[in-house]
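Understanding the architecture of this molecule
Here's the letter readout for the chains.
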Amino acid sequence: MKTSGGLLTGLERGEALGCDVVQIFTQSPRMWRPTSHGAEALAAYRAAQAAHPTISATFCHATYLVNLPAAKDELAEKSRRCLVENLVTATAIGAQGVVLHVGSHRGAGLEAVKGQVVGALVGALDEAEARAGEVSCPLLLENAAGAGGTVGRSFEELAVLLEAADDARLGVCLDTQHLFASGVSYASAEEADAAIAALGASVGLGRLGCIHLNDSKVRLGANRDRHENLGEGEIGREALACLLGHPALQAVPAILEVPGDGDGPRAKDVALAREILAEGHLSGSEGLAGDSWHTRTNTSSPDGRADPDMQLTLMNSRVAAAVAGAPERWAPAGDQLFVDFDLSVPD
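In this text, all values refer to a predicted model and were calculated from it rather than measured experimentally. (Residues numbered from 1 in each chain as written. Predicted model: local features only at pLDDT ≥ 70, side-chain atom pairs only at ≥ 80, totals over all residues. Heavy atoms only, no water.)

1. Thoughts on the packing of aromatic side chains
Going by this rule: Stacked, tilted and edge-to-face pairs are distinguished by plane angle, under 30 degrees for stacked and over 60 for edge-to-face with tilted covering the rest, among Phe, Tyr and Trp rings (Trp via its six-membered ring) whose centres lie within 6.5 Å. Secondary structure is summarised from DSSP: a helix means a run of H or I of at least four residues, a strand means a run of E of at least two, and numbering begins at the N terminus for each. Whether a residue is buried, partly exposed or exposed follows from its accessible area with a 1.4 Å probe, protein chains only, as a fraction of its type maximum: under 20%, in between, or over 50%, in that order.
Summed over all chains, the structure comprises one aromatic pair. Pairing phenylalanine 25 with tyrosine 64 gives two aromatic rings, centres 5.5 Å apart and planes at 70°, and the pair type is edge-to-face. Here phenylalanine 25, found in strand S1 (residues 21–25), pairs with tyrosine 64, found in the loop between strand S2 (57–61) and helix H3 (73–92); they are 39 residues apart in sequence, far enough to count as distant. There is no split in this pair, since phenylalanine 25 and tyrosine 64 are both buried.

As structure tokens, this is what we get:
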């Protein structure tokens, strides 16, 4: 979401487009220098967000230049410092999380850089907390499309980092285009169920903080980060509905990062995303083995690149579904039961 004119414009533009949640950058996504937001501006955003009648949460995206596995010490340290700045600002405005592209190991392999990356992640969170004087907002590691030596090309790679860090402040962001480009299909309810089961078995559903909802300009398994408008790409409307309609995702914010007409998502893109979600509820009504997604309990587990101005979000509507194994808050609504996932990580 564009914030030219001040952080508060992100809320205003999001409301105008019909969003329930917004995602913003705390500084230019392609520059190292942090934006100097005054204390009054940060406090004003936090208060406006808390009191907003329709927009329920804000997420931030970390600067694209961050590369935590960098071989050169100077770049690695510059990346860590930049991430700290992003976290400090996001925490000050009351954001629900900072989404991060971990970076590339340039062929060195995940094991070779694991210690460096984990140290940077935990160190950045610790320093951000010390500077902010409060608990940092979650840091959400985004799955990668799989190009080159990008870290996070699979759920298993993300799980390796989360397990090594053993830090409740870390979670994940699931990007639908990156997932597809990395070779994971979800063109049917069965495939979508398998993908979510794999996420739960590796990362854990309780760690899923948000979804980046995008179609793809490239084919399945192409390993390239190229976003397309919903229903206009290689994934297609039906497959997106299968994934978005899965019961385990119903309380997870979905963030649009589509090009629109060239200036980012439009109101009609938000409306279309809601239509796709509704179609997903219907397509999953039979579920696996004849079960209904809306009545069965999922016990499978205990647990390119968009232009920086092309950011807005919507919150998925909650549906009746009991999802076992992840931290949750239950709230009855008439004769239905709704799940609201907690972003905290189980002990």
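2. A short note on helix H4 (residues 110–132)
Basically, it comes down to this: The span you would expect from a helix comes to 1.5 Å times its residue count less one. Note on bend: the value at a residue is the angle between axes fitted to the seven residues ending there and to the seven starting there. Only heavy atoms matter for contacts: two residues are in contact if any of them lie within 4.5 Å across the pair.
Between its terminal C-alpha atoms H4 stretches 31 Å, which fits the 33 Å expected from 23 residues at 1.5 Å a residue. The largest bend in H4 amounts to roughly 25° and is located at glutamine 116. Regarding H4, the residues found buried are Leu110, Val113, Val117, Val118, Ala120, Leu121, Ala124, Leu125 and Ala128. Of the surrounding secondary structure, the elements contacted by the buried residues of H4 are H3, strand S3 (98–100), strand S4 (139–142), helix H5 (155–165) and strand S5 (170–175). Where H4 ends, the next residue or the one after it, glycine 133, has phi of about 75°, a positive value.

3. Regarding the side chain of glutamine 27
We apply this condition: In protein, a polar contact means a hydrogen-donor-capable atom and an acceptor-capable atom, both N or O and within 3.5 Å, with residues adjacent in sequence counting only if both atoms are side-chain atoms; elsewhere, any N or O pair within 3.5 Å suffices.
Structurally, glutamine 27 can be placed in the loop between S1 and helix H2 (39–51). A polar contact of 3.0 Å, which involves the side chain of glutamine 27, links it to the backbone oxygen of methionine 31. For glutamine 27, the side chain forms a polar contact with the side chain of asparagine 86, separated by 3.1 Å. Among residues more than four places away in sequence, those in contact with glutamine 27 are Trp32, Arg33, Pro34, Thr35, Thr63, Cys82, Glu85 and Asn86.

4. Some details on the packing of H4 against H5
The condition is simple: To obtain an axis, a line is fitted to C-alpha atoms, over the contacting stretch when the element is a helix, and the angle between two such axes runs from 0 to 180 degrees between their N-to-C directions. Roughly parallel means an angle under 35 degrees; roughly antiparallel, over 145; roughly perpendicular, 65 to 115; everything else is oblique. Working rule for handedness: look at the near helix, and if it is turned counterclockwise from the far one by less than a right angle, call the crossing left-handed; if clockwise, right-handed.
In the contact formed by H4 and H5, the axes pass within 9 Å of each other and the chain directions differ by 55°. As far as their axial angle goes, H5 and H4 are oblique. Judged by the sense of rotation from one axis to the other, the crossing of H4 with H5 is right-handed. Of H5, the residues touching H4 (which contributes Leu110, Glu111, Lys114, Val117, Val118 and Val122) are Glu157, Val160, Leu161, Ala164 and Ala165.

5. As for helix H1 (residues 8–16)
Within H1 the residues assigned to the buried category are Thr9, Gly10, Leu11 and Gly14. Where H1 is buried, its residues meet S1, H2 and S2. Once H1 finishes, glycine 18 follows within two positions and takes phi at roughly 85°, a positive value.

6. Some details on the side chain of histidine 178
When you line up the elements, histidine 178 lands in helix H6 (residues 176–181). What makes histidine 178 buried here is its relative accessible area of 3%. Within polar-contact distance, the side chain of histidine 178 engages the side chain of glutamate 142 at 3.3 Å.

7. Section: the state of the cysteines
Operational definition: Cysteine sulfur atoms that pair up within 2.5 Å are treated as a disulfide.
Taken as a whole, this structure holds zero disulfides when the rule is applied. With no disulfide of its own, cysteine 60 lies 6.6 Å from the sulfur of cysteine 137, the closest cysteine sulfur. Given the relative accessible area of 1%, cysteine 60 is considered buried.

8. Description of the pairing of S4
Here is the rule we go by: By this definition, two strands are paired if DSSP reports at least two bridges between them. With the strands pointing away from the viewer, any crossover whose connection runs clockwise from the first strand over the helix to the second is right-handed.
Of the two faces of S4, the one lined by Leu139 and Leu141 and the one lined by Leu140 and Glu142 are each fully buried. Sheet topology places S3 next to S4; three bridges connect them, and they run parallel. Across the sheet, residue valine 99 finds its bridge partner in S4, namely leucine 140. Crossover handedness for the path S3 to H4 to S4: right-handed. As paired elements, S4 and S5 share four bridges and run parallel to each other. Bridge pairing in S5 links leucine 140 to glycine 171. In this fold, the crossover linking S4 to S5 by way of H5 has right-handed handedness.

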